[in-house]
Amino acid sequence: MKTIAEILPLATSYLAERKIDRARRSAEELLAFVLGVKRLDLYLQYDRPLIETEMEKMRACLVRRIKGEPIEYIMGEIDFYGCRIEVGRDVLIPRQETEIFVDLAVKGIRQQPLEGRVLWDLCSGSGCIGLGIKRACPELRVVLSDLSPRAMAVAEKNKIKNHLDVECRVGDLLQPFLNEKADFVICNPPYVSTKEYEEIDSSVRDFEPSMALLAGKRGADFYEKLSRELPSFLNPQARVFLEIGHAQGLLVQEIFNGPPWRHLRLEKDWAGHDRFFFLEIE
Ligand SMILES: C[S@@+](CC[C@H](N)C(=O)[O-])C[C@H]1O[C@@H](n2cnc3c(N)ncnc32)[C@H](O)[C@@H]1O
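Here the focus is the sheet that holds strand 4 (residues 141–146). Strands belonging to one sheet form pairs held by backbone hydrogen bonds; the direction of such a pair is parallel or antiparallel. Taking strand neighbours across the sheet as the criterion, the seven strands line up as 5-4-3-6-7-9-8 in an open arrangement whose pairing is mixed. Here the strands that pair on one side only, and so sit at the sheet edges, are strand 5 (167–170) and strand 8 (261–268). Looking at each pair of strands side by side, their axes are set apart by 15 degrees on average, direction ignored. Here helix 6 (residues 128–136) sits on the sheet in contact with strand 3 (118–122), strand 4 and strand 6 (182–187), set at roughly 175 degrees to strand 4.

So, about the domain arrangement of the protein. Accessible area lost upon the coming together of the parts serves often as the stated size of an interface. Parsing the protein into structural domains produces domain 1 (4–67) and domain 2 (77–281). Between the C-alpha centres of domain 1 and domain 2 there is a distance of 34 Å.

A separate point is the nonpolar core. One finds L119, I133, A182, V185, I186 and L242 to be the most contacted residues of the largest nonpolar core, which totals 54 residues. Those residues in contact with L242 that lie beyond four places of it in its chain are C187, Y223, V252 and F277. Counting residues in each nonpolar core, the second largest holds 13 residues, with L15, L30, L42 and I71 among its members.

Before going further, it helps to examine the site of the ligand. Around the ligand there are 21 residues in total, and C123, G125, L147, N188 and A212 lie nearest to it. By residue class, the composition of the shell around the ligand is 13 nonpolar, six polar and two charged.

Below, the discussion takes up the environment of N257. Mapped onto the secondary structure, N257 falls in the loop between helix 11 (249–255) and strand 8. Here N257 falls in the exposed class, since 10 other C-beta atoms lie within 10 Å of it. Separated by 30 residues in the primary sequence, N257 and S227 have C-alpha atoms spaced 9.1 Å apart.

The next thing to look at is helix 3 (residues 52–66). Helical geometry: 3.6 residues make up each α-helical turn, so side chains three or four residues apart lie on a common side. The end-to-end C-alpha separation of helix 3 is 21 Å, in line with the 21 Å expected for 15 residues at 1.5 Å each. For helix 3, the complete set of buried residues consists of M58, C61, L62 and R65. When helix 3 is viewed along its axis, its buried side chains cluster within an angular range of 100 degrees and face the same direction. Exposed and oriented more than 90 degrees from the buried face of helix 3 are E52, T53, E56 and V63. Considering only its buried residues, helix 3 is in contact with helix 1 (4–17), helix 2 (23–35) and helix 4 (71–75). A positive backbone phi angle near 95 degrees is found at G68, which sits one or two residues after helix 3.

Viewed as axis vectors pointing N to C, helix 5 (residues 96–109) and helix 6 meet at an angle of 40 degrees, and their least axial separation amounts to 10 Å. Comparing their axes, helix 6 and helix 5 come out oblique. Read as a crossing pair, helix 5 and helix 6 show a hand that is right-handed. Residue-level contacts link T98, V102, A105, V106 and I109 of helix 5 to C128, I129, G132, I133 and A136 of helix 6. For the contact of helix 5 with helix 6, the class distribution of residues is eight nonpolar, two polar and no charged.

Our focus in this paragraph is the pairing of strand 9 (residues 274–281). Successive side chains on a regular strand alternate, one facing one side of the sheet and the next facing the other. The pairing of strand 7 (residues 234–243) with strand 9 spans five bridges and is classified as antiparallel. Opposite F241, over in strand 9, you have F278 as the bridge partner. Here strand 8 pairs with strand 9 via six bridges, running antiparallel. Bridging from a neighbouring strand, K268 pairs with D274 of strand 9. The turn joining strand 8 and strand 9, which pair antiparallel and follow one another in sequence, is formed by five residues; a positive phi near 85 degrees is taken by G272.

Here the focus is the packing of helix 1 against helix 3. Two quantities define a packed helix pair, namely the angle between the axes and the distance from one axis to the other. Between helix 1 and helix 3, the shortest axis-to-axis distance is 10 Å and the interhelical angle comes to 20 degrees. By the angle class used here, helix 1 and helix 3 are roughly parallel. Remark: the crossing between helix 1 and helix 3 carries right-handed chirality. The segment helix 1 lies against helix 3, with I7, A11, Y14 and L15 engaging M58, L62, R65 and I66. Taken together, the residues of the contact of helix 1 with helix 3 break down into seven nonpolar, no polar and one charged.

Here is what the cut-offs are and how they apply
- Residues numbered from 1 in each chain as written.
- Predicted model: local features only at pLDDT ≥ 70, side-chain atom pairs only at ≥ 80, totals over all residues.
- Pairing = 2+ DSSP bridges.
- Helix = DSSP H or I, 4+ residues; strand = E, 2+ residues; numbered from the N terminus.
- Axes fitted to C-alpha atoms, helices over the stretch in contact; angles between N-to-C directions.
- Contact = placed C-beta atoms within 7 Å.
- Domains from an automatic or database assignment.
- Core = buried A, V, L, I, M, F, W, Y, C linked by C-beta atoms within 7 Å.
- Buried ≥ 20, exposed ≤ 12 C-beta atoms within 10 Å, placed from the backbone.
- Near = placed C-beta within 6 Å.
- Nonpolar A, V, L, I, M, F, W, Y, C, P; charged D, E, K, R; others polar.
- Expected span 1.5 Å × (residues − 1).
- Arc of directions from axis to C-beta.
- Parallel < 35°, antiparallel > 145°, perpendicular 65-115°, else oblique.
- Left-handed = near helix turned anticlockwise from the far one by under 90°.

Listed below in structure tokens is the structure:
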């Protein structure tokens, strides 16, 4: 039987020879996942031998990884803004930038009393955004919605897993909210243009759902639709938080230019790119 100390370098070279990024880190994450321990605990149990079923599971994980499958799908869960979020091929893997987005939105949302207020997380996918916000702002009523019934089934599981009381609806953008109004709307919609999609990393194109990414010729279909349709779904002074592509700052400012929109503000990610667009209705 091989020990953790022996398996780790073997797995690392197996991944590195096949040009997998961050081979050592990936080997550690997969081994920790297989053994059900934290990554750093591997070093406290260096002499622990792996039994055959663990070896088999590790081999299967490595094979999936060298075929380009993102590690998050292999492990099936990630941590996101204090929640444990299940992810699978029906939902986009929540990105680190989206955690910054949620954090900025939470800071904005908390500036007012939240009792009786409602927030919609449109295009919610795994539910990571709405669930993260509900956890941070329990007094807010939160509704998640997505066009994909399969994504919504994942969001339902995540709601239960995290013991959070949110509502889940399926439908096209604002269609699940006919005759209702929100105080806050947050949305990380598909925003990749047709051309960008052709050049996108193969681990994204081959594994993540295209309907979570593609948004027409300019990548702006959802922003255009929201700028036209959202006003009649908002209470006065409602606030809107949108994630955008790193080159879409000017585009969204044009799209949401003028009344009834006001207080337009771009916010940056850690790399200094405009990635978030916050605004308010009159
Ligand atoms: C960029 S992903 C965001 C997922 C999640 N909110 C996140 O930040 O990780 C966009 C989501 O929009 C959903 N979607 C695509 N078209 C839609 C539509 N017309 N109406 C509602 N949701 C849609 C996709 O199923 C996908 O879950």
